[in-house]
Every structure is written in C-alpha cells, then in structure tokens.
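Fold and geometry: a report
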Amino acid sequence: MLLFTPGPTPVLEAVRVAMSAPTIHHRTPEFEAIFKEARESLLKLFGMDEAVMIASSGTGAMEASIINICKSKVLTINAGKFGERFGKIAKAHGKELVELKYEWNTPASVEDVKKALAENSDVDTIAIQVCESAGGLRHPVEEIAKAVKEINSDIMVIADGITAVGVEPIDVTNIDALIAGSQKALMLPPGLAMVGLSNKAVERIGKGSGYYLNLASEISKQQKNTTAYTAATTLIIGLNKIFDLVEEFGGLDKLYSVTAARAKALNSALEAIGLKIYPATPAKAMATVIDENAEDIRKLLKTKYSVNVAGGQDHLKGKIFRINNMGLIESSDMLWVVNAIESALADLGRIEYSGVGAKVFSEVFASEIK
Ligand SMILES: *Cc1c(COP(=O)(O)O)cnc(C)c1O
C-alpha cells in the first residue's frame with residue numbers, strides 16, 4: 001500500500017535502519033554530538049536565530065509557542081482544523097482571543113488582519129498556519145507577517161509550518177516562531193516537534209511559561225546540546241538521517257524545487273482528468289480535490305489500486321480527498337497515484353480511461369524541473 005496521506009508520511013528504509021540501533025542514554029557525550037548535529041541542521045532549515053526540539057506531537061509546539069510567547073491576547077486565523085486549534089489552545093490557557101474565520105478554501109487576507117489589529121490594539125501575538133492542512137490551503141503568511149510588523153513590531157508572529165517547513169522556502173524575516181512536526185514533511189514517525197525562533201521571540205519568552213513546555217528551560221539546555229527532560233533520542237537520530245538524505249538528494253533548494261514542480265504537475269494532471277482543486281491558493285504540501293464521489297474514489301484507491309490518500313474532516317467529511325506531496329517521495333510513485341485516480345474515475349463510469357493524467361503529469365513535471 002502506498003501511503004499518500006499528508007501526514008503521517010512514509011518513513012524511508014534508511015531512516016528506519018538508522019533508528020534501529022540500540023537506545024543510547026541521553027546524558028552522554030555521544031548523544032550530545034548527535035543532538036548538536038540535529039540542532040545545527042534545524043537552525044539551517046528554519047533559517048532563524050534559535051531552534052528547539054520538544055518530545056511531543058506538533059500540537060505540543062503550538063501550545064508551547066502560545067503559552068511562552070503570547071502575553072494576554074492573540075489573533076488567530078481559523079480556516080480549518082489547525083487554525084481552530086490555535087484558538088482552543090489560547091482559550092485553554094485563559095488568553096483573550098480574536099479569531100478571523102474563513103471557509104476552508106479561502107486564504108486569510110492582509111486587509112482583514114490589519115482591520116482586526118486596528119480594532120484590537122491590545123493584541124500582542126498573531127498565530128497562523130503557513131499551510132492549513134484541513135483544506136490544503138496556503139495562507140499569505142509572509143505578507144501578513146510583514147503587515148503585522150509594520151503596524152507594531154512588538155506583535156509576535158507564530159507560524160505553524162508543520163506542512164510547510166521542509167516543503168517550500170519560507171521567508172522568515174517577520175516570523176518569530178516557526179513550527180515543524182516530525183511526521184509530515186520530515187518523514188519521521190510522530191513524536192518530535194520543533195520550533196524555530198527569532199531573537200525577539202527569545203527575548204519575549206524571557207523566563208518562559210509552563211513546566212514541560214517551558215521554552216526558556218529548553219533554550220538554555222539545548223544551547224548546550226542537551227534537553228531539559230529525556231530527549232526523543234531515536235527520533236533525533238532519524239532526523240539526522242533525513243538531513244543526510246536531503247543532502248544526498250542535492251540539498252534543500254533542490255528538494256523545494258522538485259516538490260514545487262511535482263505539485264504543479266499533480267494539480268495540472270488532476271484538472272486534466274476533470275477534477276476540481278479545492279483551495280483557492282493550493283499549498284505545495286498536498287493536492288486537495290473537492291468531489292461528490294470523494295469517498296468512492298478514496299475507497300477504490302485503497303482497495304483496487306493500493307493507494308492510501310486522506311479524506312476530509314468536519315463539514316468536508318466525504319467531500320474532499322487529499323494527496324500528500326511532502327518529503328523525499330518518488331515522483332514515479334506520484335505518477336502511479338495520478339494514474340490510479342484516473343482509473344478509479346473510469347471505474348465509476350465518469351470518464352473513459354485514456355492515460356491523459358499520467359501524460360499531463362509527466363509533461364508538466366519535465367518542463368518544470370529543467
Ligand atoms: C498535523 C498538523 C499539526 C499537528 O498535529 P499533531 O497531530 O499534533 O502532530 C498542526 N498543524 C498542521 C498544519 C498540521 O498539518
């Protein structure tokens with residue numbers, strides 16, 4: 001079965017092998033060297049001043065960012081499950097909340113954010129997804145972050161990049177916290193969350209807040225290549241292996257350009273077989289199709305063509321399906337996925353199979369990649 005869900009993504013064999021070594025103690029020079037390597041790679045990946053790793057799923061890093069960075073009032077962008085989650089976290093910690101709500105295919109607008117900040121001059125933090133995975137939507141995070149800083153450079157910008165970091169280049173000039181998670185673009189098992197931080201964010205964090213998720217204690221420990229509590233040793237070993245594989249592949253820039261080319265080829269191929277792309281601004285991490293037969297297509301993909309793609313949640317349950325495009329995946333596997341979708345549409349009697357999906361995918365990919 002090909003795992004083509006936008007998280008979890010498949011764990012490559014070389015990574016599984018690297019993680020099969022016996023567990024080592026985390027308070028040893030041996031692990032500190034491994035940790036240092038991971039930390040340096042992460043600083044490069046984020047392109048930011050500081051980076052911390054937390055043993056938790058991605059939501060742990062979202063919570064850590066809110067409790068350590070937001071003083072009292074946060075503006076969140078809710079265009080899907082994950083944007084909604086920032087609001088729920090803020091409420092759980094007694095923060096005041098202003099929420100901009102959008103349909104799940106609609107990116108946040110810079111104007112709406114400006115207006116919300118004008119009406120709420122006491123907002124000290126804004127939290128937004130780079131890619132809102134619920135609908136495969138790319139928010140104009142860089143433009144929003146820039147506008148926020150022009151209004152008040154003390155407002156902190158938290159960006160959830162769990163399906164964007166490692167997928168596409170992100171301009172972090174105006175971003176204070178950028179979040180990543182192991183089981184998405186980094187193709188690791190779940191359980192490791194990472195946050196890139198600006199110097200300004202480190203300053204704002206000060207002595208930190210919370211206990212396990214106190215970022216101040218993690219920053220001071222991790223600068224010394226250790227962690228406040230037991231590190232996710234096995235996952236960090238896997239992380240180093242992933243960075244090695246990215247290097248072998250040709251580096252991050254190459255990964256970004258191949259991912260972008262494949263995203264364009266995938267969306268073009270889906271349209272060529274008569275499907276409709278759901279988000280107005282599709283993210284590179286996944287392709288999202290809205291279709292009345294979404295569930296039938298998904299079922300056929302699984303049972304007849306051995307491809308596992310994700311469905312929708314909440315009001316989009318049964319209405320969309322999402323195909324992963326993150327990570328060091330084989331473009332030839334994607335060709336099979338496209339072909340399987342065209343075949344499934346033919347099985348449903350909607351089209352006559354012609355192979356046009358695979359043809360368009362190959363042509364667009366070849367012309368984008370050169
Ligand atoms: C997957 C995901 C998360 C985190 O989910 P966890 O299950 O806690 O790892 C957060 N934000 C986005 C955009 C995601 O795709």
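Before going into details, it helps to say that this report is about the structure given with it. (Residues numbered from 1 in each chain as written. Predicted model: local features only at pLDDT ≥ 70, side-chain atom pairs only at ≥ 80, totals over all residues. Heavy atoms only, no water.)

Let's shift gears to the pattern of salt bridges. Scanning the model with the defined rule gives 20 salt bridges in all. The salt bridge partner of lysine 149 is aspartate 176, with a shortest N-O separation of 2.6 Å. Highlighted residues: lysine 149 in helix α6 (residues 141-151) and aspartate 176 in the loop between β8 (156-160) and β9 (177-181), separated in sequence by 27 residues. Here lysine 149 and aspartate 176 have matching classes, each one buried. As a salt-bridge pair, arginine 298 and glutamate 295 come within 3.2 Å of each other at their nearest N and O atoms. Taken as a pair, arginine 298 and glutamate 295 lie in helix α11 (residues 294-303) at a separation of three residues, close to a single helical turn. Given a relative accessible area of 22%, arginine 298 falls into the partly exposed group. Look at glutamate 295 and you get partly exposed, because its relative accessible area is 30%. The structure contains a network of salt bridges with shared partners spanning Lys81, Glu84, Lys88 and Asp314. (Salt bridge = Lys/Arg side-chain N within 4 Å of Asp/Glu carboxyl O. Helix = DSSP H or I, 4+ residues; strand = E, 2+ residues; numbered from the N terminus. Buried < 20%, exposed > 50% of the residue type's maximum accessible area, 1.4 Å probe, protein only.)

This paragraph deals with the nonpolar core. If you look at the biggest cluster of nonpolar residues, it comprises 94 residues, and the most contacted ones within it are Ile175, Leu178, Leu239, Leu270 and Ile323. Among all residues touching isoleucine 323, those that are not within four sequence positions of it are Phe4, Leu266, Leu270, Ala285, Met286, Ala287, Val309, Met334, Val337 and Ile341. By size, the runner-up hydrophobic cluster in this structure holds 28 residues, among which are Ile54, Met156, Ile158 and Ile179. (Core = buried A, V, L, I, M, F, W, Y, C linked by side-chain atoms within 4.5 Å. Contact = heavy atoms within 4.5 Å.)

With that settled, consider the packing of helix α10 (residues 252-272) against helix α12 (residues 331-347). Running from N to C, α10 and α12 cross one another at 10 degrees; their axes reach a closest spacing of 11 Å. Between α10 and α12, the interaxial angle falls into the category roughly parallel. Every pair of crossing elements has a handedness; the one defined by α10 and α12 is right-handed. Residue-level contacts link Val258, Arg262, Leu266, Ala269 and Leu270 of α10 to Ser331, Met334, Val338 and Ile341 of α12. Counted by class, the contact of α10 with α12 contains seven nonpolar, one polar and one charged residues. (Axes fitted to C-alpha atoms, helices over the stretch in contact; angles between N-to-C directions. Parallel < 35°, antiparallel > 145°, perpendicular 65-115°, else oblique. Left-handed = near helix turned anticlockwise from the far one by under 90°. Nonpolar A, V, L, I, M, F, W, Y, C, P; charged D, E, K, R; others polar.)

This part covers the environment of alanine 263. In this fold, alanine 263 is placed in helix α10. Under the relative-accessibility criterion, alanine 263 is labelled buried at 7%. Contact partners of alanine 263, with chain neighbours within four places excluded, come to Lys284 and Asn325.

With that settled, the discussion passes to the pairing of strand β12 (residues 286-290). Counted residue by residue, β12 has four buried out of five residues, so it is predominantly covered. One ladder, built from two bridges, connects strand β11 (residues 276-277) with β12; its direction is antiparallel. By the bridge assignment for β12, isoleucine 277 is matched with valine 289. Pairing of β12 with strand β14 (residues 320-324), which is carried by five bridges, proceeds in the antiparallel orientation. Bridged to isoleucine 290 within β14 is isoleucine 320. (Pairing = 2+ DSSP bridges.)

It is worth spelling out the sheet that holds strand β4 (residues 96-101) at this point. If you walk across this open sheet you meet the seven strands as β2-β10-β9-β8-β5-β3-β4, and the pairing is mixed. The open sheet has two edge strands, β2 (50-54) and β4, and neither has a second partner. Geometrically, the sheet is characterised by an average inter-axis angle of 20 degrees between neighbouring strands, direction not taken into account. Relative to strand β10 (residues 193-197), β2 runs antiparallel, the two sharing five bridges. Its bridge partner being in β10, methionine 53 is matched across the sheet by methionine 194.

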